[in-house]
Amino acid sequence: GNSVTQMEGPVTLSEEAFLTINCTYTATGYPSLFWYVQYPGEGLQLLLKATKADDKGSNKGFEATYRKETTSFHLEKGSVQVSDSAVYFCALRDFSGNTPLVFGKGTRLSVIA
Amino acid sequence: EAEVAQSPRYKITEKSQAVAFWCDPISGHATLYWYRQILGQGPELLVQFQDESVVDDSQLPKDRFSAERLKGVDSTLKIQPAELGDSAMYLCASSTGFGNTEAFFGQGTRLTVV
């Protein structure tokens, strides 16, 4: 079945540092890929998405590129801020059918001033 | 901006009591999901509806959990009787149903069973 593997957290960075959170997936067919963010006590918010190979999703300075050859969708940001502290979830969904999102376990990011 | 509404935000209940959560999806979204998120983990699907029909409830513990979406709009998730291990965040999400689109999440209900 479909699955998502994320790097273990927590990740602690200083403000303005470069961020990478690794995500790899296993899927049949060609899934759509997503990054969601969750702030303390809140639900999940979509951060960015990519629906086909080589697509780059971007939002709020975050980027991720759909790499079919390495089955990866790593999240990057060039300069993190304290306000980026949250839990980040990589997820996938089958493109062809009305199937649910499958999530990774999440990576907690803490950014210190 | 349209949002998924959930209530209550927080619920504390005693073991063996019944508890219910409500969700109102974004208008026009035919697909509704209930996820459970245990602290420190990713969300796991409990049940998926397409309109009023259950599409997938394979991970729903049916001996104590039930879910309904009678008119294909809002939905209720019930637990009876609640157990200590049910303490978690219960998230509702909705989508248009197409594979290349995202799901939109509500703020969740934090359940604590004591």
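Residues numbered from 1 in each chain as written. Chains lettered and ligands numbered in written order. Predicted model: local features only at pLDDT ≥ 70, side-chain atom pairs only at ≥ 80, totals over all residues. Heavy atoms only, no water.

(A) Quick peek at the packing of aromatic side chains. All names here are of chain A. Enumeration according to the criterion identifies 11 aromatic pairs over all chains in this entry. When the centroid spacing of 6.1 Å and the interplanar angle of 80° are considered together, the rings of Tyr25 and Tyr66 count as edge-to-face. Of the two residues, Tyr25 is situated in strand β4 (residues 23-26) and Tyr66 in the loop between β8 (62-65) and β9 (75-77); the sequence distance between them amounts to 41 residues. As far as burial versus exposure is concerned, Tyr25 and Tyr66 are alike and both buried. With a centroid separation of 5.6 Å and an interplanar angle of 40°, the aromatic rings of Phe62 and Tyr88 are classed as tilted. (Phe/Tyr/Trp six-rings, centres within 6.5 Å; stacked < 30°, edge-to-face > 60°. Helix = DSSP H or I, 4+ residues; strand = E, 2+ residues; numbered from the N terminus. Buried < 20%, exposed > 50% of the residue type's maximum accessible area, 1.4 Å probe, protein only.)

(B) Just the pattern of salt bridges, in detail. Counted according to the given criterion, the structure contains eight salt bridges over all chains. Between B:Glu102 and A:Lys49 there is a salt bridge, and its shortest N-O distance comes to 2.8 Å. Taken as a pair, B:Glu102 in the loop between β9 (88-95) and β10 (104-105) and A:Lys49 in strand β6 (residues 44-50) lie in two separate chains rather than in one. With relative accessibility at 31%, the residue A:Lys49 sits in the partly exposed group. With a closest N to O distance of 3.4 Å, B:Arg64 and B:Glu83 form a salt bridge. Here the residue B:Arg64 occupies a position in the loop between β6 (53-56) and β7 (65-68), and B:Glu83 occupies one in the loop between β8 (75-79) and β9, the gap between them amounting to 19 residues. Residue classification places B:Arg64 among the buried positions, given a relative accessible area of 13%. A network of salt bridges, in which partner residues are shared, links B:Arg64, B:Glu83 and B:Asp86. (Salt bridge = Lys/Arg side-chain N within 4 Å of Asp/Glu carboxyl O.)

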